[in-house]
Every structure is written in C-alpha cells, then in structure tokens.
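Listed here are the chains, written in short residue letters.
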Amino acid sequence: QKEVEQNSGPLSVPEGAIASLNCTYSDRGSQSFFWYRQYSGKSPELIMSIYSNGDKEDGRFTAQLNKASQYVSLLIRDSQPSDSATYLCAVNPASGTYKYIFGTGTRLKVLA
Amino acid sequence: GAGVSQSPRYKVAKRGQDVALRCDPISGHVSLFWYQQALGQGPEFLTYFQNEAQLDKSGLPSDRFFAERPEGSVSTLKIQRTQQEDSAVYLCASSLEAGTGGCGYTFGSGTRLTVV
C-alpha cells in the first residue's frame with residue numbers, strides 16, 4: 001500500500017461545477033496535510049494546508065480532513081478552466097519531521 | 001531574492017556525464033530540501049539541510065548522488081556518471097524554520113534533467 005494515494009484521473013468537470021479531489025494516507029500519526037497545484041511543466045505551488053479535523057476554506061478552495069478515516073479532500077467551487085492542473089496531496093508523516101510524502105497527483109480538467 | 005531560484009532550468013546530459021544543479025534558497029532560510037519528480041509521479045524526498053549540516057540524505061537513490069550546502073545558503077546537487085533513470089525534475093525548497101515541515105514549503109522552478 002502506497003503511503004499517500006490519489007486517483008490519477010483525469011477528473012473532468014464542467015466550468016462552474018464543484019471539483020472534488022480525494023487523498024488517503026497510511027500513517028495514522030500524520031500531523032500536517034497540504035494540497036499543491038502543479039501546472040504542466042511548472043513546479044508545485046502550495047494552495048492549502050490543514051492540520052485539524054474538519055473543513056478549512058480559502059476563497060474557492062475548501063480542504064477537508066478526517067484523521068479517523070485517514071482521508072483528506074480538496075473541493076474547488078465554481079471551477080474555472082484555469083484550475084486545470086494536477087493536484088498533489090502531501091502529508092507530513094509525523095510531528096517534528098520535515099519530509100513530505102506526496103501522492104502521484106490527480107489531473108483535473110475543467111471544461112469550458 | 002523573492003523566491004527559491006534554481007539553475008539551470010534545463011540540462012541535457014550524455015549518459016556517464018557528471019552534472020551539478022544549483023539552488024539559491026530564500027535569504028535567511030534555515031532549511032533546504034531537494035526532491036526528485038519523475039514524469040507522472042509526485043515529488044520524492046532526496047535530502048535535507050539545516051544551515052550547512054546535511055541532516056538527512058536517506059532519499060538519495062545511490063552513491064552517485066551528492067549534495068552540499070557549504071556556507072548554509074546556496075546548495076548544489078551533484079550527480080556523477082548519470083544514467084537514464086536519473087532523468088527527472090529536481091526540485092529545491094527552503095523554509096525559514098529548522099527541523100519542521102509543518103508550515104508547507106515553497107518549491108523553486110526546478111531543473112529538468114534529461115539523460116540521453
């Protein structure tokens with residue numbers, strides 16, 4: 001079992017819809033969780049971080065964390081074609097460590 | 001500078017050639033990380049520096065890979081006798097704090113290495 005799992009996609013949604021991206025992780029002691037957006041040929045860009053169970057909203061983005069289920073998700077409301085990218089889930093596996101474990105990413109396509 | 005700077009942006013090396021990849025972190029940042037991202041994969045941890053000390057090199061795939069940060073600022077990742085499986089994007093990141101990745105770190109633009 002991979003430490004951080006994501007569906008590779010592509011996930012296709014129409015413009016204006018909600019895109020839902022999911023990530024599961026295996027290390028129950030993980031403390032910090034991040035979503036990165038990566039456009040083709042570019043480096044990953046941090047868009048959201050979440051540390052506690054529940055929802056965290058930032059503009060059109062909402063991160064959701066459920067530590068009991070070892071599940072993190074990212075919702076993108078009012079999806080735009082410019083949101084088309086690969087979304088990487090990253091997990092900081094234990095308190096006080098610096099490594100991130102990344103999933104392979106989910107490719108999102110927002111159709112105009 | 002304003003962000004993490006990496007050079008060169010692209011490097012083509014013949015198999016067996018040595019290469020050196022440079023990372024200029026954000027000024028004053030204590031922590032520096034190198035990651036390797038193969039095509040279609042997420043980044044994978046290579047090594048971590050706290051100032052000039054290399055505290056973790058557990059992710060370096062072989063002894064052909066070597067990283068240094070002699071003055072606690074600029075870092076160089078060196079790959080000796082490159083092989084085709086070394087083809088990847090090499091990402092550098094830095095963070096202000098030492099020893100923790102809890103705040104999320106910012107990557108540089110990366111160096112795309114192609115070994116032919």
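Right, let's walk through the structure included here.

Details of the interface of chain A and chain B
Every contact between the two is made by 20 residues of chain A and, on the other side, 25 residues of chain B. Interface area, chain A with chain B, both sides summed: about 1600 Å², of which 50% is carbon and sulfur. Sorting the residues of chain A by area buried against chain B places Tyr98, Tyr100 and Phe102 of chain A first, and these three jointly supply 37% of that buried surface. With a closest N to O distance of 3.5 Å, Lys99 of chain A and Asp56 of chain B form a salt bridge. Where chain A packs against chain B, one counts seven residue pairs in polar contact (both at pLDDT 80 or more). Listed by contribution, the elements that provide at least two residues to the side of chain A that touches chain B are strand S4 (32–38) and strand S9 (85–92) of chain A. It is S4 of chain A that contributes the most residues to the side of chain A that touches chain B, four residues altogether. A per-class count over the side of chain A that touches chain B returns nine nonpolar, nine polar and two charged.

Focus: the state of the cysteines
Residues and elements named next belong to chain A. In the structure shown here, the tally under the stated rule is two disulfides over all chains. Two residues share a disulfide in this structure: Cys23 and Cys89, whose sulfurs sit 2.1 Å from each other. Judged by the torsion about the S-S bond (-70°), the Cys23/Cys89 disulfide is left-handed. You can see Cys23 sitting in strand S3 (residues 19–25) and its partner Cys89 sitting in strand S9, a full 66 residues away along the chain. Accessibility classification places Cys23 together with Cys89 in one group, the buried group.

Quick notes on the packing of aromatic side chains
Throughout the structure, instances matching the rule amount to 18 aromatic pairs over all chains. Relative to Phe102 of chain A, the ring of Tyr36 of chain A has its centre 5.6 Å away and its plane inclined at 55°; by these criteria the two rings are tilted. One end of the pair, Tyr36 of chain A, is in strand S4; the other, Phe102 of chain A, is in strand S10 (residues 101–102), and 66 residues separate them in sequence. The buried category is assigned to Tyr36 of chain A, whose relative accessible area is 0%. Centre to centre, the rings of Tyr35 of chain B and Phe45 of chain B are 5.8 Å apart; their planes meet at 80°, and the pair counts as edge-to-face. On the criterion of sequence distance, the pair formed by Tyr35 of chain B in strand S4 (residues 31–37) and Phe45 of chain B in strand S5 (residues 44–50) is long-range, its members being ten residues apart.

What to know about the nonpolar core
One recurring pattern in soluble globular proteins: nonpolar side chains tend to sit buried together. Counting residues in hydrophobic clusters, the biggest one holds 23 residues, and the most contacted among them are Trp35, Val72, Leu74, Ile76 and Tyr87 of chain A. If you list the elements that add at least two residues to this core, you get S3, S4, strand S5 (45–50), strand S7 (61–66), strand S8 (71–76), S9 and strand S11 (106–111) of chain A. The residues touching Val72 of chain A, leaving out its near neighbours within four places in the chain, are Leu21, Asn22, Cys23, Tyr25, Phe33, Trp35, Ile50, Gln64 and Leu65 of chain A. Core analysis: the next-biggest nonpolar cluster, separate from the first, contains 20 residues, Trp34, Phe49, Leu60 and Tyr90 of chain B among them.

About the thresholds
- Residues numbered from 1 in each chain as written.
- Chains lettered and ligands numbered in written order.
- Predicted model: local features only at pLDDT ≥ 70, side-chain atom pairs only at ≥ 80, totals over all residues.
- Heavy atoms only, no water.
- Contact = heavy atoms within 4.5 Å.
- Buried area = accessible area lost by both parts, 1.4 Å probe.
- Salt bridge = Lys/Arg side-chain N within 4 Å of Asp/Glu carboxyl O.
- Polar contact = N/O pair within 3.5 Å; in protein donor to acceptor, adjacent residues only side chain to side chain.
- Helix = DSSP H or I, 4+ residues; strand = E, 2+ residues; numbered from the N terminus.
- Nonpolar A, V, L, I, M, F, W, Y, C, P; charged D, E, K, R; others polar.
- Disulfide = S-S within 2.5 Å.
- Buried < 20%, exposed > 50% of the residue type's maximum accessible area, 1.4 Å probe, protein only.
- Phe/Tyr/Trp six-rings, centres within 6.5 Å; stacked < 30°, edge-to-face > 60°.
- Core = buried A, V, L, I, M, F, W, Y, C linked by side-chain atoms within 4.5 Å.

Such coordinate-based values are descriptive only and should not be taken to indicate function.
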